[in-house]
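What follows is the residue order along each chain.
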Amino acid sequence: MHKVVMGIALAWPVAAQADEVVIAALGDSLTQGYGLVAEQGFVPQLQAWLDGQGAEVRLINAGVSGDTTAGGLSRVAWTLTPEVDAMIVALGANDLLRGIDPAVSRANLDGILQAADAAQVDVLLLGMEAPGNFGPEYKAEFDAMYPDLARDYDTLFAARFFDGLAAEGSDLASVRDDMQPDGIHPNAEGVAKIVAALGPEVLKLIARAEE
């Protein structure tokens, strides 16, 4: 949805960018591009993929390494500048690494989506899956919060950030060739596969923002 901006606008100075959709990618090191040269990160590769599709879009890298859902919530207000039309939310991986209560993570994501809704910004929510070692109850609660919140806020939803790499239920260790030595972050080739899988969902987000 395009936001309504009050005031007097001069049409000709901004006409060249009138159809450009601006998307902020709010996330952690996976979004920020940890361990990669700048052009190999998730946001630059996604920008290149979208450019190749002819999309009139500009991505803003709002990824911060180490960020949890709480960190995302603390900075969502200043991420949602007036120029932002849509937002990709990719948070939760560091909540898992720290074993944070899924109820806390859900509340933080809820706050982020509330802020986006108040700013009239469309959202693509990217899910994460908890590993089995946290126990079945933790996994069920964590995994469910993403589709639940997407339904509550009528956001677009992609179930797994790593969908382009690992089959559902598989371990990231099974895709070592697509990962950096730490086994946590994708390498450039892995990012390319992630982008190819998520790109069509971002095109849907662009289409929704243009409505």
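These figures come from a predicted structure and were not determined experimentally.

S.K.: Now, about the packing of aromatic side chains: what can you tell me, with residues and values included?
M.R.: Tallying each qualifying case throughout the model produces five aromatic pairs. Ring plane angle 5° and centroid distance 6.2 Å describe the contact between Y138 and F142, whose orientation is recorded as stacked. Of this pair, Y138 and F142 are both found in helix α7 (residues 136–153), four residues apart, which corresponds to roughly one turn of the helix. Among the residues examined, F142 registers a relative accessible area of 0% and is labelled buried. Pairing F161 with F162 gives two aromatic rings, centres 5.3 Å apart and planes at 80°, and the pair type is edge-to-face.

S.K.: So what's going on with the pattern of salt bridges? Residues and values would help.
M.R.: Under the criterion given, the structure shown has nine salt bridges. Here D143 makes a salt bridge to K139, at a shortest N to O gap of 2.9 Å. Here the residue D143 and the residue K139 both occupy positions in helix α7, the gap between them amounting to four residues, near one helical turn. The partner of E201 in a salt bridge is K204, with the nearest N and O atoms 3.5 Å apart. Within this pair, E201 and its partner K204 are both found in helix α8 (residues 188–210), separated by three residues, close to a single helical turn. Since its relative accessible area comes to 45%, K204 is described here as partly exposed. By sharing partners, the salt bridges in this structure join E20, R58 and E83 into a single network.

Parameters at a glance
- Residues numbered from 1 in each chain as written.
- Predicted model: local features only at pLDDT ≥ 70, side-chain atom pairs only at ≥ 80, totals over all residues.
- Heavy atoms only, no water.
- Phe/Tyr/Trp six-rings, centres within 6.5 Å; stacked < 30°, edge-to-face > 60°.
- Helix = DSSP H or I, 4+ residues; strand = E, 2+ residues; numbered from the N terminus.
- Buried < 20%, exposed > 50% of the residue type's maximum accessible area, 1.4 Å probe, protein only.
- Salt bridge = Lys/Arg side-chain N within 4 Å of Asp/Glu carboxyl O.

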